[in-house]
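Notes for the structure review
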Amino acid sequence: MSVRRMNVCVYSGRGASAVCVNQASRTFRRLLGAQYDVMKVDAATLNQEPWEDSTALLIIPGGRDIPYMEDLPLERIRKYVQFQKGKYFGICAGGYFGASSILFDPPNDHSLKVVGGGRLGFWKGIAKGPIGDFVYGSESLCGALQVTFDSASTGAESGFVPYFGGPWFEGSNSVENRVISTYEDGRAAIVAYRHSVILCGPHLEFDASIMDLKPDIKEKLLAFKSFRIRTLLGLLRDHLQLDVADQTSQGALIGPPGDQESYPPIFMIGNFPELAQGTIIKDSVDSFVFSSNENDASTSDQWSVLLRTPSQETPTRFKHTKFLDRLSTSTFGHRLIVSDCVTSTQNLLKL
């Protein structure tokens, strides 16, 4: 009997941009967190741990391709995808890394030029870029490029998406390789290998609302936020065939801190003398601050967990007062963590 793979691993080791790692973790947790545990992993994990059998998707985010070449187990990743039914999502540098060869040559700085083969080889062609000038570590200079994406559910759509140094892909459609999105000039922006790999030039994981961008770029990207999310959902659901959150049912959106439209508050119900006002608990993924003040909302940096006594009602669909009235135990079940939606129950259980 096969065991369902529960993990989505975002590479966060050497070469990966911190901004890209955090944006990817945030976005993929929102879209996949109802069905999978989205976690960060480093090179030691991918080289030394038996991660393949439990991993539904490996995400290699933006950053630098050469450290990926030096640190990551290329043959092991190839086998995971080609023979173990694994899935790979490469964004920007992860897209270059997923092709057979690379030509990276920023017109403003030829000292950054990278040419060579020996990459993962999922796309049987060359990943070339960037489109325009590029400066490492300056994600605030992110631009907006128009792409066309043909979705099985909505048909062909065009919209502006974040772009920061990613490739276009040269090569042709074949039995195993498909172009599934193009830039405005017709060059391939997103390509696929079987139903196992997505290589993405633009940064579909970037949420412009939490980025310090030029005002005109930010306005343009925010206007096409729904298009960006629909495109990502199409890639995950239709091409990689993963289980994604139902984006239409109430409470199904998996939102990050600060995304108040889609993420309800967390309540802790019971008597917690050990949790003083303002207590902060951190784990490897999230930071939680405990408060009895309803105005202490979650931010992009931490969750706000609101403390309630057993007699206080909460604006959640789970009616804890009825639950507590029916309890026949003296202590078991009298301390509750309640929310209409969370990114990971595993993280909350660590509290």
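To be clear, the structure that these remarks concern was listed above.
Report on the accompanying structure. Source: prediction; values computed, not measured.

1. Regarding the overall build of the protein
Looking only at helices and strands, the protein has 9 helices and 18 strands in total. Within the protein, the fraction of its 351 residues that count as buried is 52%. Counting only contacts in the protein whose residues sit at least 6 apart along the sequence, the fraction spanning at least 24 positions is 68%. Accessible surface for the protein amounts to roughly 16000 Å². Of this, 51% is attributable to carbon and sulfur atoms.

2. Quick word on the nonpolar core
Among the nonpolar cores identified, the biggest contains 83 residues, and Tyr88, Phe89 and Leu236 are the most heavily contacted of them. When neighbours within four sequence positions are excluded, leucine 236 is seen to be in contact with Phe28, Leu31, Leu32, Leu57, Phe89, Gln241, Leu242 and Val244. If you look at the next biggest cluster of nonpolar residues, it comprises 9 residues, including Met268, Phe290, Trp303 and Val305.

3. What to know about helix H7 (residues 225–239)
The terminal C-alpha atoms of H7, which comprises 15 residues, lie 20 Å apart, in line with the 21 Å expected from a rise of 1.5 Å per residue. Within the sequence span of H7, burial applies to Phe227, Arg228, Ile229, Thr231, Leu232, Leu233, Gly234, Leu235, Leu236 and His239.

4. Considerations on the sheet that holds strand E18 (residues 336–338)
Here we have 5 strands laid out as an open sheet, ordered E15-E16-E17-E14-E18, and mixed in their pairing. Both outer strands of the open sheet, strand E15 (280–282) and E18, are each paired with one neighbouring strand and no more. Direction aside, the axes of adjacent strands within the sheet are offset by 25° on average. Both strand E16 (residues 287–291) and strand E17 (residues 303–308) contribute to a ladder of 4 bridges, which runs parallel. Its bridge partner lying in E17, valine 289 is registered against serine 304.

5. Overview of unusual backbone geometry
Between glycine 129 and the following residue, proline 130, the backbone shows a cis peptide bond with an omega angle of -5°. Here proline 130 is to be found in the loop between strand E7 (123–129) and strand E8 (143–151). Positive phi outside glycine occurs at lysine 85, with the angle close to 60°. Mapped onto the fold, lysine 85 is located in the loop between helix H4 (74–82) and strand E4 (88–91).

6. Here's the deal with the packing of aromatic side chains
A complete count under the given rule lists 14 aromatic pairs for this structure. Ring-pair connections join several aromatic residues into one group, and the members of that group are Tyr96, Phe104, Phe134, Tyr136 and Phe164. For the cation-ring pair, arginine 64 lies above tyrosine 136, with the distance from its terminal atom to the ring centre recorded as 3.7 Å. Positioned above the aromatic ring of tryptophan 168 is the side chain of arginine 187, whose terminal nitrogen or guanidinium carbon lies 4.1 Å from the ring centre.

7. So, the pairing of strand E2 (residues 37–41)
Two elements, strand E1 (residues 7–11) and E2, share 5 bridges in a ladder whose sense is parallel. Residue pairing for E2: cysteine 9 is matched across the bridge by methionine 39. Handedness of the crossover joining E1 and E2 through helix H1 (residues 18–32) is recorded here as right-handed.

8. Quick look at H4
Three- or four-residue spacings in an α-helix give side chains the same orientation, since the helix completes a turn every 3.6 residues. Along H4, the residues that are buried comprise Leu74, Ile77, Arg78, Tyr80 and Val81. Down the axis of H4, the sector holding all buried residues measures 160°, keeping them to one side. Each element contacted by the buried residues of H4 is listed here: strand E3 (55–60), helix H3 (65–71), E4, helix H5 (93–98), strand E12 (188–193) and strand E13 (197–200).

9. Observations concerning the pattern of salt bridges
Pairs may arise between side chains of opposite charge once their charged atoms sit close together. All told, the structure shown has 12 salt bridges when counted by the stated rule. Its salt-bridge partner being arginine 4, residue aspartate 243 comes within 3.1 Å of it at the nearest N-O pair. Taken as a pair, aspartate 243 in the loop between H7 and strand E14 (266–269) and arginine 4 in the segment before E1 lie far apart in primary sequence, 239 residues in all. One salt bridge connects glutamate 70 with arginine 14, and the closest N-O pair in it is separated by 2.6 Å. Here arginine 14 lies in the loop between E1 and H1 and glutamate 70 lies in helix H3, a separation of 56 residues in the sequence. The exposure class assigned to glutamate 70 is exposed, which follows from its relative accessible area of 53%. Taking relative accessible area as the criterion, arginine 14 reaches 45% and is therefore assigned partly exposed. Through salt bridges with shared partners, one network takes in Arg14, Glu70 and Asp71.

10. With respect to the environment of lysine 128
Relative to the elements of secondary structure, lysine 128 occurs in strand E7. Spatially, the C-alpha atoms of lysine 128 and glycine 166 are 8.2 Å apart, while their sequence positions differ by 38 residues. When neighbours within four sequence positions are excluded, lysine 128 is seen to be in contact with Tyr96, Leu103, Gly166, Pro167, Trp168 and Glu170. Of the polar contacts made by the side chain of lysine 128, one reaches the side chain of glutamate 170; its length is 3.1 Å.

Conventions used here
Residues numbered from 1 in each chain as written. Predicted model: local features only at pLDDT ≥ 70, side-chain atom pairs only at ≥ 80, totals over all residues. Heavy atoms only, no water. Helix = DSSP H or I, 4+ residues; strand = E, 2+ residues; numbered from the N terminus. Buried < 20%, exposed > 50% of the residue type's maximum accessible area, 1.4 Å probe, protein only. Contact = heavy atoms within 4.5 Å. Areas by Shrake-Rupley, 256 points an atom, 1.4 Å probe, with all protein chains shown as cover. Core = buried A, V, L, I, M, F, W, Y, C linked by side-chain atoms within 4.5 Å. Expected span 1.5 Å × (residues − 1). Pairing = 2+ DSSP bridges. Axes fitted to C-alpha atoms, helices over the stretch in contact; angles between N-to-C directions. Phe/Tyr/Trp six-rings, centres within 6.5 Å; stacked < 30°, edge-to-face > 60°. Lys NZ or Arg CZ within 6 Å of the ring centre and 35° of its normal. Right-handed = clockwise from strand over helix to strand, strands pointing away. Arc of directions from axis to C-beta. Salt bridge = Lys/Arg side-chain N within 4 Å of Asp/Glu carboxyl O. Polar contact = N/O pair within 3.5 Å; in protein donor to acceptor, adjacent residues only side chain to side chain.

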